[in-house]
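Chain and residue survey
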Amino acid sequence: MRTEFDDELQDRLVRYAAIDSQSDARSATSPSTDIQLDMSRLLVQELQEMGAQDVTLTDFGVVLATIPGTAEGPTMGWCAHVDTAPQFNATGVKPVVHRGYNGGDITFADAPELKLSPENSPYLAQKVGEDIITASGTTLLGGDDKAGVAIAMTAARYLLQNPDIRHGPIRLAFTPDEEIGRGVDPRLPDDLKADFAYTFDGGKPGEIEFETFSADGATVTVTGVSAHPGFAKDKMVNALHLTSKIVMMLPQVTMTPDTTEGTEGFIHVSEIMGGSSEAEITLIIRDFEMEGLEAKGALLRQVCETVAATELRAQIKCDITPQYRNMRYWLEKDMTPVDLVRAAVTDVGLEPVSIPIRGGTDGSRLTEMGVPCPNVFTGMQEIHGPLEWISVQDMALATKVAIALARRTVT
Ligand SMILES: [Zn+2]
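Keep in mind that this is a model prediction, so the values were computed, not measured.

Focus on the nonpolar core
Counting residues in hydrophobic clusters, the biggest one holds 80 residues, and the most contacted among them are A152, A197 and A402. Leave out the neighbours within four places in its chain, and A402 touches W78, I151, A152 and A155.

Here is the structure:
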């Protein structure tokens, strides 16, 4: 059952996962947290030791390196993110390897009430006999995306040690702050110098993603009229009342995250801040199609205008700003990077599966900026929580896909 990559993948994931590299959306710095650099500096050292070339840590916190080509071919990028999700405790991760999973419950030393089983994670039922890695119960594992890092590093090491394998030049990029949507610095495409790239940041073996949401962010600012509450008659305009009206007029039983799935988009009220004189609503708008995205933005503006018309003394401002776009818009013009990875998936005996992602990836931004960048599976499951797990053998399949991709860059 064990493959030639298993020991290395397991060792890398266990070591990388133990390093706290959580990002923080509230920080204004880049990278958002200094601890991410602990991961980045380790990768720099390991890349130098394995003989990768042009190893650098950019001043915006990305580790870059080259695996020189052994034949003429286009330059391919492999990307993974070093940060872990801010949504759950990621400090003091103690990875646990469950060798030869027996099909039953997996328990956690630091959280006796917690159980991982095929009941709460059905895909686990297919992993009997494989080696499963989890955390110890009080943290996430961080296989998102330390698994992607481990896969790219293992495939890179393998190619460097097997120069007889013909492939074009490969550029590695390990980015910070993906989880807070700040992974792709405007300088990255120029520094990456790749004709196309892949993020290793997906789920089950075979999954190749080239469709993501298109995303806008919106801020509605409501400015009322402030007055002493005791002497406010015919003077005060309470911003909170108008704010509530706006929220109440937005769709409640359709078009919200909790009422949509598949290819349906939504408007999500994510935060309200403020007081009676001024308040601010933060929203995110998501749809797979631009028309759908624009229609939802128009609906929000319409609601704001309607509420504004009920109180002329108030000011209601609605700002909608683009966040990222469905990478399919670019990839469908030239499907070569998608076709190449689908062929590589077939090469290792898997069936390629493509499902639209109800979110974005670093690849969405990279694609928009001119580097087509589909997302490749790693095996990660139940991410961003204490039940997160991954099979070492699934990671080995992704490693084989990376190597098959390298081979396919030359004819
Ligand atoms: Zn990820």
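A few points about the packing of helix α3 (residues 143-161) against helix α10 (residues 392-408)
Closest axis-to-axis distance for the α3/α10 pair is 9 Å, and the angle between their directions is 50 degrees. One element, α3, and the other, α10, form an angle in the oblique class. Regarding α3 and α10, the two cross each other, and that crossing is right-handed. In this structure, α3 contributes A147, A150, I151, A152, T154, A155, Y158 and L159 to the contact, and α10 contributes M395, A398, T399, A402, I403 and A406. Each residue belonging to the contact of α3 with α10 can be placed in one class, and the counts come to 12 nonpolar, 2 polar and no charged.

Some words on the domain arrangement of the protein
By domain assignment, the protein separates into domain 1 (6-211 + 326-408) and domain 2 (214-324). Of the residues lining the interface, 8 residues belong to domain 1; the matching set on domain 2 comes to 6 residues. Broken down by class, the residue content of the side of domain 1 that touches domain 2 amounts to 1 nonpolar, 4 polar and 3 charged.

Points about the UniProt feature "binding site: Zn(2+) 1" (unreviewed entry) in the protein
As annotated by UniProt and renumbered to match this structure, "binding site: Zn(2+) 1" (unreviewed entry) occupies H81, D144 and D201. The greatest C-alpha distance among the residues just named is 8.0 Å, despite their covering 121 residues of sequence, which places them together in space. Relative to the helices and strands, H81 is located in strand β3 (residues 76-81). Not counting chain neighbours up to four residues away, the residues in contact with H81 comprise D145, T175, E178, G183, D201 and D362. Positionally, D144 belongs in helix α3. Among the residues examined, D144 registers 26 C-beta atoms within 10 Å and is labelled buried. Residue contacts for D144: discarding those within four places in its chain leaves T84, A85, M380, I383 and H384.

Thoughts on the sheet that holds strand β7 (residues 132-134)
Sheet strands pair via backbone hydrogen bonds, and the direction of the pair is either parallel or antiparallel. Here 3 strands make up an open sheet; going across it, the order is β4-β7-β16 and the pairing antiparallel. Only two strands of the sheet have a single neighbouring strand rather than two, namely β4 (96-98) and β16 (389-391). On average, each strand axis in the sheet is inclined to that of its neighbour by 25 degrees, with strand direction left out of account. As paired elements, β7 and β16 share 3 bridges and run antiparallel to each other. Bridge pairing in β16 links I133 to I390.

A few points about the sheet that holds strand β11 (residues 214-223)
If you trace the 4 strands from one edge of the open sheet to the other, you get β12-β13-β11-β14, paired in antiparallel fashion. A single partner strand is all that each edge strand has here, and the edge strands are β12 (266-274) and β14 (315-324). Strand-to-strand twist of the sheet, defined as the mean angle between neighbouring strand axes without regard to direction, takes the value 20 degrees. As defined by bridge partners, β12 adjoins strand β13 (residues 278-287) across 8 bridges and the pair is classed as antiparallel. Each residue of the ladder has a partner; that of M273, found in β13, is E280. The sheet strands contacting helix α5 (residues 239-249) are β11, β12, β13 and β14, and the helix crosses β13 at an angle near 15 degrees.

Quick look at the UniProt feature "domain: Peptidase M20 dimerisation" (unreviewed entry) in the protein
Per the UniProt record, "domain: Peptidase M20 dimerisation" (unreviewed entry) is annotated on residues 211-306. For residues 211-306, the helix share is 29%, the strand share is 30%, and the end-to-end C-alpha distance is 35 Å.

A look at the pairing of β3
Most of β3 sits inside the fold, with 6 of its 6 residues counted as buried. Burial along β3 is two-sided: the face carrying M76, W78 and A80 and the face carrying G77, C79 and H81 are both buried. The sheet contact formed by β3 and strand β8 (residues 170-175) spans 6 bridges and is parallel. Within β8, the residue paired with G77 across the bridge is R171. Examined bridge by bridge, β3 and strand β9 (residues 196-202) share 4 bridges and lie parallel to one another. By the bridge assignment for β9, M76 is matched with F196.

Some remarks on the environment of G203
Structurally, G203 is set in the loop between β9 and β10 (208-209). Each C-alpha atom, one on G203 and one on M380, is 5.1 Å from the other, the two residues being 177 residues apart in sequence. Apart from residues no more than four positions distant in its own chain, G203 is found in contact with F377, M380 and Q381.

Side note on the packing of α5 against helix α6 (residues 290-309)
Think of two packed helices as two axes; the pair is described by the angle between the axes and how far apart they sit. Packing of α5 against α6 brings their axes to within 9 Å, and their N-to-C directions diverge by 140 degrees. Between α5 and α6, the crossing angle belongs to the class labelled oblique. Between α5 and α6 the crossing geometry is right-handed. Residues L242, K245, I246 and M249 of α5 pack against V303, C304, T306 and V307 of α6. In terms of residue class, the contact of α5 with α6 is made up of 6 nonpolar, 1 polar and 1 charged.

Details of unusual backbone geometry
Cis rather than trans, the peptide bond between S30 and P31 has omega equal to -5 degrees. Within the secondary structure layout, P31 lies in the loop between α1 (6-17) and α2 (36-49). Residues D144 and D145 are joined by a peptide bond in cis, for which omega reads 10 degrees. Position of D145 relative to the elements: it lies in helix α3.

Rules of the game
- Residues numbered from 1 in each chain as written.
- Predicted model: local features only at pLDDT ≥ 70, side-chain atom pairs only at ≥ 80, totals over all residues.
- Core = buried A, V, L, I, M, F, W, Y, C linked by C-beta atoms within 7 Å.
- Buried ≥ 20, exposed ≤ 12 C-beta atoms within 10 Å, placed from the backbone.
- Contact = placed C-beta atoms within 7 Å.
- Axes fitted to C-alpha atoms, helices over the stretch in contact; angles between N-to-C directions.
- Helix = DSSP H or I, 4+ residues; strand = E, 2+ residues; numbered from the N terminus.
- Parallel < 35°, antiparallel > 145°, perpendicular 65-115°, else oblique.
- Left-handed = near helix turned anticlockwise from the far one by under 90°.
- Nonpolar A, V, L, I, M, F, W, Y, C, P; charged D, E, K, R; others polar.
- Domains from an automatic or database assignment.
- UniProt positions renumbered as here; feature names shortened; annotations may be inferred.
- Pairing = 2+ DSSP bridges.

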